[in-house]
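# Observations on the three-dimensional arrangement
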Amino acid sequence: MQMRSIKFLPVVILLLVSAMLWGQAPTVHLEVDGVPTEVVCQTSSDYRFIGTNSVGAIGTFALFESGSGAPVPGHLTDLGNNTAILDPAGLDDGLYRVDYSYTVDEVTTTVSEDFTVTLLDDIEIVDLPETVCKNDDPYPLVPLPSLSDPGATYYFSGPGVSGNQASGYNYDPASSAVGQGWIQISLYYISSLGCQVLNSIDIYNAFVPSPAFTTSSSCIPSTGGLIQFNNTTSGQYAVESWSWNFGDPNSGSENTSTDSDPSHVYPGPDNYTVNLGLVTYDGCSNSLARNITLSDLPVVDFTWLTDCYSAGENTSFLNLTQSPLATITSLVWTFRTTGGGVLGQRNSSNPQDTIEFPFTSLDDYNITLDVQNSLGCSASREKTISFKPK
């Protein structure tokens, strides 16, 4: 039995060699990072052509544009082991062919593989500055350059990003989801051939204070007066410069200021539009325009319906005060003897009220009317009523 097995061993070896020689057709294929592919997507990936043949011959590779008989030079590095590295940098998008050839007994065998180049290295987010201001208008987000690929899909993600591919994407720095400081916006792009790219950018969202101010007073004489402005802006540490416009163009160069807390002499009571602007150290700007009303002091006056005294009867008083730019909100009537003794007071919030007071004897009396308007401007006047017998 052992002699019979040895007798047929050469025949078995011959059959195995024949199967190796004629049973496997030569092939060539493209791999990216060890995975077979037919599409070249990015220059940064490791693309290799792998050639195989059943005789163990070392073959060579040549690159062609589809439909062209002239090789494309300079993009293949043959490693001499039936492997060639493809450098797609500089290749135009389109269809290509690689030929793998080997020679045995002066007979050359060539096999080919078609593949597509559609590089996505340049798909990125552009026209978005590295530093944005929290009060900026929304920025449109688009993948650029725009490829002529109607089958491509993409989406953007990150704080403050909204929208979709059909209606468009936007990044809104003012969104409540966006905090001050650095955030990241990402673009995920898939071509119609299945190429994928993820590109991200970092954006700094700069703090922008909201301007605010008050005035020390809203009351000036009819001939004009000084108004002090108090800058109440929160976050003044971020502000590099201020700009005020007092809404008083007739004052010439005095109508503006770069002080933090300036003052301005207004020509008289009126309505004025004051603008406070700021620029931050990050180059962001913001402004506030506010209407202020400067009122003159109320012109206090009053009268009585009669100065004839009748025991047991009230005397009626009428307010005649004028306050053109602000509503009268408080009237305090004080009734005194000529010696200063206070007989009583009457309070009113309606300037149309008729005030009555019971005097107890035929005499002279001092009446003081204190008036305040809605802007806090106040004034008073005193008159003496001298009763006569009725």
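So, how was this worked out
Residues numbered from 1 in each chain as written. Predicted model: local features only at pLDDT ≥ 70, side-chain atom pairs only at ≥ 80, totals over all residues. Heavy atoms only, no water. Salt bridge = Lys/Arg side-chain N within 4 Å of Asp/Glu carboxyl O. Helix = DSSP H or I, 4+ residues; strand = E, 2+ residues; numbered from the N terminus. Buried < 20%, exposed > 50% of the residue type's maximum accessible area, 1.4 Å probe, protein only. Phe/Tyr/Trp six-rings, centres within 6.5 Å; stacked < 30°, edge-to-face > 60°. Lys NZ or Arg CZ within 6 Å of the ring centre and 35° of its normal. Pairing = 2+ DSSP bridges. Axes fitted to C-alpha atoms, helices over the stretch in contact; angles between N-to-C directions. Core = buried A, V, L, I, M, F, W, Y, C linked by side-chain atoms within 4.5 Å. Contact = heavy atoms within 4.5 Å. Disulfide = S-S within 2.5 Å.

## Regarding the pattern of salt bridges
Summed over the entire model, instances satisfying the criterion amount to 6 salt bridges. In this structure, Lys388 engages Asp307 in a salt bridge whose closest nitrogen and oxygen atoms are separated by 3.7 Å. Taken as a pair, Lys388 in strand S34 (residues 388-389) and Asp307 in the loop between strand S26 (302-304) and strand S27 (308-309) lie far apart in primary sequence, 81 residues in all. Note on Lys388: relative accessible area 43%, which makes it partly exposed. A single network of salt bridges, built from pairs that share partners, joins Asp301, Arg381 and Lys383.

## Regarding the packing of aromatic side chains
Taken as a whole, this structure holds 30 aromatic pairs when the rule is applied. Ring plane angle 50 degrees and centroid distance 5.4 Å describe the contact between Phe229 and Trp244, whose orientation is recorded as tilted. One end of the pair, Phe229, is in strand S20 (residues 225-231); the other, Trp244, is in strand S21 (residues 239-245), with 15 residues separating them in the sequence. Under the relative-accessibility criterion, Phe229 is labelled buried at 0%. Seen in terms of ring centroids, Trp244 and Phe246 are 6.3 Å apart; in terms of plane orientation they differ by 20 degrees. Their pairing is stacked. Residue classification places Trp244 among the buried positions, given a relative accessible area of 2%. Since its relative accessible area comes to 1%, Phe246 is described here as buried. The rings of Phe302, Trp304, Tyr309, Phe317, Trp333, Phe335, Phe357, Phe359, Tyr365 and Phe387 are connected pair by pair, giving a single aromatic cluster. In this structure, Arg97 packs its charged tip against the face of Phe64, placed 4.3 Å from the ring centre. The side chain of Arg290 reaches across the aromatic face of Phe213, ending 4.5 Å from its centre.

## Comments concerning the sheet that holds strand S16 (residues 168-171)
Ordered in space as S12-S16-S15, the 3 strands form an open sheet in which the pairing is antiparallel. Since the sheet does not close on itself, it has two edges, and those belong to strand S12 (139-141) and strand S15 (161-164), each with one partner. Neighbour-to-neighbour, the strand axes of this sheet turn through a mean angle of 25 degrees, independent of strand direction. By the bridge criterion, 3 bridges tie S12 to S16 in an arrangement that is antiparallel. Bridging across to S16, Pro140 finds its partner in Asn170.

## Considerations on the nonpolar core
Ranked by internal contacts, the top residues of the largest apolar core, which has 44 residues, are Phe115, Leu141, Phe156, Tyr171 and Ile185. Residues in contact with Phe115, not counting those within four places in the same chain, are Leu30, Glu38, Val40, Phe49, Leu63, Leu86, Gly94, Leu95, Tyr96, Arg97 and Val98. One finds Tyr309, Leu331, Phe357 and Ile385 within the second-largest nonpolar core, a separate group that totals 17 residues.

## Looking at the pairing of strand S28 (residues 315-319)
Within a regular strand, side chains alternate between the sheet's two faces. Counting buried positions along S28 gives 4 out of 5 residues, so the element sits mostly inside the fold. Pairing of S26 with S28 involves 3 bridges; the strand directions are antiparallel. The residue bridging Trp304 from the neighbouring strand is Phe317, located in S28. Inspection of the sheet shows S28 paired to strand S31 (residues 354-357) by 4 bridges, in the antiparallel sense. Across the sheet, the residue bridging to Leu318 is Thr354, located in S31.

## Here we look at the state of the cysteines
Any covalent bond linking the sulfur atoms of two cysteines counts as a disulfide. With the rule as written, the count across this model stands at 3 disulfides. Across a sulfur-sulfur distance of 2.0 Å, Cys133 and Cys284 are joined as a disulfide pair. As the torsion about the S-S bond is roughly -90 degrees, the Cys133-Cys284 disulfide counts as left-handed. Of this pair, Cys133 sits in strand S11 (residues 131-133) while Cys284 is found in the loop between strand S24 (270-280) and strand S25 (285-294), placing the two residues 151 residues apart along the sequence.

## A closer look at the sheet that holds strand S14 (residues 153-157)
The 4 strands are arranged S11-S18-S17-S14 in an open sheet whose pairing can be described as mixed. Each edge of the sheet is formed by a strand with only one pairing partner; in this case those strands are S11 and S14. Neighbour to neighbour, the strand axes of the sheet diverge by 30 degrees on average, direction disregarded. Pairing geometry for strand S17 (residues 181-190) and strand S18 (residues 196-206), over 10 bridges, is antiparallel. Residue pairing across strands places Ile190 opposite Gln196, the latter belonging to S18.

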